[in-house]
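Geometric and topological summary
Single-letter residue listing:
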Amino acid sequence: MDPHRADWQIATLALLHGGAFLILISFMVALISVCTGTRRRFYKPVSVMLFAAVVLQACSLVLYPIKFIETISLRIYHEFNWGYGLAWGATIFSFGGAILYCLNPKNYEDYY
């Protein structure tokens with residue numbers, strides 16, 4: 001293990017990877033349920049996984065700047081690069097996907 005890496009960096013990385021893993025698993029479950037025709041059966045598990053991923057990612061994205069600013073001297077002005085914004089965008093889209101999965105209609109035949 002790198003001696004220069006702090007515990008908060010490892011925790012942030014683990015939370016982000018955990019959220020990404022949950023999103024990947026929920027995508028695979030949703031894709032398989034669409035292909036097999038059992039969509040209604042997996043609405044709740046997929047939305048729960050997406051909400052859990054949002055919580056993990058939001059915690060890591062709040063933890064990162066707080067701990068990062070604590071480690072640098074306060075005289076330095078620092079902006080986060082595009083990767084931080086991309087992670088927030090992914091978290092927001094995951095939250096939207098979870099809400100849409102919760103709002104999925106029971107019968108598609110009513111709409112077509």
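Nothing here was measured: the structure is a model prediction, and the numbers come from that model.

1. A look at helix H1 (residues 7-36)
- With 30 residues, H1 ought to run about 44 Å at 1.5 Å a step, and its terminal C-alpha atoms sit 43 Å apart, in line with that.
- Of the residues making up H1, those classed as buried are Trp8, Thr12, Gly19, Ser26, Ala30 and Ser33.

2. Examining the pattern of salt bridges
- According to the stated counting rule, one finds 1 salt bridge in the structure shown.
- Its salt-bridge partner being Lys67, residue Glu70 comes within 3.2 Å of it at the nearest N-O pair. In this pair, Glu70 and Lys67 both sit in helix H2 (residues 43-71), 3 residues apart, roughly one turn of the helix.
- When its relative accessible area of 54% is taken as the criterion, Glu70 is described as exposed.

3. Quick look at helix H3 (residues 82-102)
- Helix length check: H3, at 21 residues, gives a terminal C-alpha distance of 30 Å against a target of 30 Å (1.5 Å per residue), a fit within 8%.
- The set of residues buried in H3 consists of Tyr84, Ala87, Thr91, Ser94, Ala98 and Tyr101. In an axial view of H3, the angular spread of the buried residues amounts to 110°, which keeps them on one side of the axis. Within H3, the exposed residues directed more than 90 degrees away from the buried face are Trp82, Leu86, Ile92, Phe93 and Leu100.

4. Overview of the nonpolar core
- The biggest cluster of nonpolar side chains holds 7 residues, and these are Ala30, Tyr43, Val46, Met49, Leu50, Ala98 and Tyr101.
- Here the element with the most residues in this core is H2; it accounts for 4 residues.
- Once residues lying within four places of it in the same chain are set aside, the contact partners of Leu50 are Ile23, Ser26, Ser94, Gly97 and Ala98.

5. Concerning the environment of Trp8
- Along the polypeptide, Trp8 turns up in helix H1.
- Remark: the alpha-carbon pair of Trp8 and Lys67, spanning 59 residues in sequence, is separated by 7.0 Å.
- Ignoring anything within four residues of it in the chain, the contact list for Trp8 reads Leu63, Tyr64, Lys67, Phe68 and Thr71.

6. Here's the deal with the environment of Gln57
- Along the chain, Gln57 falls in helix H2.
- Taking the C-alpha atoms as reference points, Gln57 and Leu15, separated by 42 residues in sequence, lie 6.2 Å from one another.
- Excluding anything up to four places from it in sequence, Gln57 contacts Leu16, Gly19, Ala20, Ile23, Ala90, Thr91 and Ser94.
- A polar side-chain atom of Gln57 sits 3.1 Å from a polar atom in the side chain of Thr91.

7. Section: the packing of aromatic side chains
- Scanning all chains against the criterion turns up 6 aromatic pairs.
- Measuring from centroid to centroid gives 6.2 Å for Tyr64 and Tyr84, while their planes differ by 35°, and the two rings are tilted. Of this pair, Tyr64 sits in helix H2 while Tyr84 sits in helix H3; the two residues are 20 residues apart in sequence, bridging distant segments of the chain.
- Residue Tyr84 is classed as buried on the basis of its relative accessible area, which comes to 19%.
- An aromatic cluster is present here, built from Trp8, Tyr64, Phe68, Tyr84 and Trp88 joined pairwise through their rings.

Calculation notes
The residue numbering used here restarts from 1 in each chain and proceeds along that chain's sequence as written. Two thresholds apply to this predicted model, a pLDDT of at least 70 for residue-level local features and 80 or more for giving and counting side-chain atom pairs, whereas whole-chain, interface and lining totals are computed over all residues. Derived side-chain values reflect all non-hydrogen atoms in the structure, with water molecules and hydrogen atoms excluded from consideration. Helix numbers and strand numbers start at the N terminus; a helix is a DSSP run of H or I with at least 4 residues, a strand a run of E with at least 2. Expected span, for any helix, means 1.5 Å times one less than how many residues it has. For every residue, the accessible area (1.4 Å probe, protein chains only) is compared with the maximum for its type, and the residue is labelled buried under 20%, exposed over 50%, or partly exposed between those bounds. By salt bridge we mean one thing: a side-chain nitrogen of Lys or Arg within 4 Å of a carboxyl oxygen of Asp or Glu. Taking the helix axis as origin, the arc is that swept by the directions to the C-beta atoms. What makes a nonpolar core is a set of buried Ala, Val, Leu, Ile, Met, Phe, Trp, Tyr and Cys residues whose side-chain atoms join them at distances within 4.5 Å. Contacts are residue-level and defined by heavy atoms, with any inter-residue pair within 4.5 Å sufficient. Nitrogen and oxygen atoms within 3.5 Å of one another constitute a polar contact, given that in protein one can donate a hydrogen and the other can accept it, and given that sequence-neighbouring residues count only through two side-chain atoms. Each Phe, Tyr or Trp ring (for Trp, its six-membered ring) is paired with any other whose centre lies within 6.5 Å, and the angle between the two planes then decides the class: stacked below 30 degrees, edge-to-face above 60, tilted in between.

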